[in-house]
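These are the residues of each chain, in order.
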Amino acid sequence: MNYKKYLHGSLSDNNDSAKIIAALLAGVAVGAAIGILFAPDSGSETRTQISDKAKDLASTVKDKVQTAKDSLSVKADELKDSANEALGKAKEKYSKATNDASDATEGAI
């Protein structure tokens, strides 16, 4: 079995990856909340800890989303530059070909 191909196919499917990440984050949040609820602290301390953990998780998710957004922006810019460069080369080749064809037809007349 070709594991690299399988892993590549699994990782390239954005919907499944997003679902897995969301489930993982939800599991971490629920696990942390349950762990805090069963800890031998007072109610106010437990609520404070839950609030702090939720803020930490939200901050972590926000950072990850921003990093992914920045990465996608950079990739989009690179792709756009690459496409513009390829278009410019194609236009140059087309222009050269039409000029060569024009010169050839003028020379034949």
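Since the structure is predicted, the reported quantities are computational estimates derived from the model, not experimental observations.

1. Considering the overall build of the chain
Move 1: Check the secondary structure of the chain and you find three helices and zero strands.
Move 2: In the chain, buried positions account for 3% of the 109 residues.
Move 3: Carbon together with sulfur atoms contributes 62% to the accessible area of the chain, which is approximately 9400 Å² in total.

2. Examining the confidence of the model for the chain
Move 1: The predicted model of the chain averages 80 in pLDDT, with 82% of residues at 70 or higher.
Move 2: The spread of mean pLDDT over the elements of the chain runs between helix α1 (residues 3-12), the lowest at 53, and helix α3 (residues 43-108), the highest at 88.

3. Considerations on the environment of I34
Move 1: Looking at the secondary structure, you find I34 in helix α2 (residues 14-37).
Move 2: Using a relative accessible area of 43% as the deciding quantity, one classes I34 as partly exposed.
Move 3: For the pair I34 and I50, spaced 16 residues apart in sequence, the C-alpha to C-alpha distance is 9.5 Å.

4. Considerations on a nonpolar patch on the surface
Move 1: A grouping of I21, L25, V61 and V65 is seen on the molecular surface, where their side chains present a nonpolar patch of about 300 Å² in accessible area.
Move 2: Assessed through its relative accessible area of 31%, L25 is described here as partly exposed.

5. Examining the pattern of salt bridges
Move 1: Considering all chains together, one arrives at two salt bridges under this definition.
Move 2: Between K89 and E85 there is a salt bridge whose closest N-O contact spans 3.5 Å. Within this pair, K89 and its partner E85 are both found in helix α3, separated by four residues, close to a single helical turn.

Cut-off values and rules
Residues numbered from 1 in each chain as written. Predicted model: local features only at pLDDT ≥ 70, side-chain atom pairs only at ≥ 80, totals over all residues. Heavy atoms only, no water. Helix = DSSP H or I, 4+ residues; strand = E, 2+ residues; numbered from the N terminus. Buried < 20%, exposed > 50% of the residue type's maximum accessible area, 1.4 Å probe, protein only. Areas by Shrake-Rupley, 256 points an atom, 1.4 Å probe, with all protein chains shown as cover. pLDDT = per-residue confidence, 0-100. Patch = residues over 30% accessible without salt bridge, like charges linked within 9 Å, V, L, I, M, F, W, Y side chains within 5 Å. Salt bridge = Lys/Arg side-chain N within 4 Å of Asp/Glu carboxyl O.

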